[in-house]
Each structure stands twice: as C-alpha cells, then as structure tokens.
Amino acid sequence: MQVDAQKLSWFQVPEDIKELLILAAKTWENTAESEKYMQQALAKAGENIDVLIAAYRYFYYKNNFILALQTVVKVTDKIKAAENFSDDWATLKPILVKRKEEPQIRLYLNAYAASGLVLAKLGAIEQAKEVSARVKEIDEKNDFGAGILLDILTRPPEEDD
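Residues numbered from 1 in each chain as written. Predicted model: local features only at pLDDT ≥ 70, side-chain atom pairs only at ≥ 80, totals over all residues. Heavy atoms only, no water.

Here helix α5 (residues 89-99) has its buried residues at Trp89, Leu92 and Leu96. Around the axis of α5, the buried residues are gathered within 65 degrees of arc, so they sit on the same side. Those residues of α5 that are exposed and angled more than 90 degrees off the buried face are Ala90 and Lys98. Buried residues along α5 sit in contact with α6 (103-121) and α7 (125-138). (Buried < 20%, exposed > 50% of the residue type's maximum accessible area, 1.4 Å probe, protein only. Helix = DSSP H or I, 4+ residues; strand = E, 2+ residues; numbered from the N terminus. Arc of directions from axis to C-beta. Contact = heavy atoms within 4.5 Å.)

So, in structure tokens, the structure goes:
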C-alpha cells in the first residue's frame, strides 16, 4: 500500500506521529506490526482528535470493536468536555439540534453515531438502539447513518414461508 505523507498534510500533528500513522497503513497486512505503530501514535499524540479518529477507523476496519469503541468514546468525551455538554440527553438534545451544522458538533454526532454502530457490532443491541434513536431525532437528513442502523436493529425478523 502506497501512502503519501502529503495526503496527511491536514493532520495537525508532528511529523513523527504522521510517520507512525503512515507506517501503520504501510504494514496494514501485518496486524500486530501495524497496531504497534497505531498504539505508538496514540501514545505520542495523547488526545489529539485527528489521531483518535484515525485510530477509531483503524480499529474498526481491523474488526477490533472493543478498541474502536474505546477510541470513539474518547472522541465524544473530548468534545463534550470542550463544549461543556451535559450528560443529560434532554438538556443536550436542543443544543445539538441548534448547532448541528457546526463542524465540532457534526464531529460529535458522527462519533456518537459511530459508537452506536460499534455497540451493535459488539452485541449491545439495546444500547445501540438508544444511541441510534437519539442521533436520528436530530438528523432528519440521515447524514450520520443512525436512522439506517436503527431501522436494521428494529426490523422485525423475516417470516419463513
């Protein structure tokens, strides 16, 4: 796999962390080696949102759903802290509705919806339904895919003829 460092120019991280991410991509076929690079990038980057998102995607596509969930929760927690969001959904929902077009809020909703997908993959169906239903309440255009996930999770089983 060819990875061009210039394609990662939007990452606001030091070059050594970019290089670790590139190495993780270059060694994709060797999961143990590529995960070592991803873990090093996470350790060096701390709570950098770009690296957390890259790590979430990495773990998701490597089918490591536990680490994917832990990582995406870090993303939502970081945004919640930065925005001083309430843990109470009834309080938070109107804020998200009002500000849903702001990049930081879209990222929060995207990450929150992603957590629902990962919860479903882990078999936590009721939690996945709750997350998906919440995001769907805000997302009438289905930009975040939560409505599709909710439809899948709540679809009645097909009857055999």
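Alright, that's what it looks like, and here's the rest.
With that out of the way, let us pick up empty space enclosed by the protein. The rolling of a water-molecule-sized probe over the atoms marks out the regions of remaining empty space. Considering all chains together, one arrives at 1 cavity of 30 Å³ or more under this definition. In this structure, the largest cavity occupies an estimated 50 Å³ of space. What lines the largest cavity is simply Lys100, Glu101, Arg106, Ile138, Asp139, Glu140, Lys141, Asp143 and Phe144. For the lining of the largest cavity, the class distribution of residues is 2 nonpolar, no polar and 7 charged. (1 Å grid on protein atoms, 1.4 Å probe; cavity = no way out; pocket = protein on both sides within 12 Å on 5 of 7 lines; lining within 4 Å. Points joined across faces, edges and corners; volume = space filled by probe spheres on them. Nonpolar A, V, L, I, M, F, W, Y, C, P; charged D, E, K, R; others polar.)

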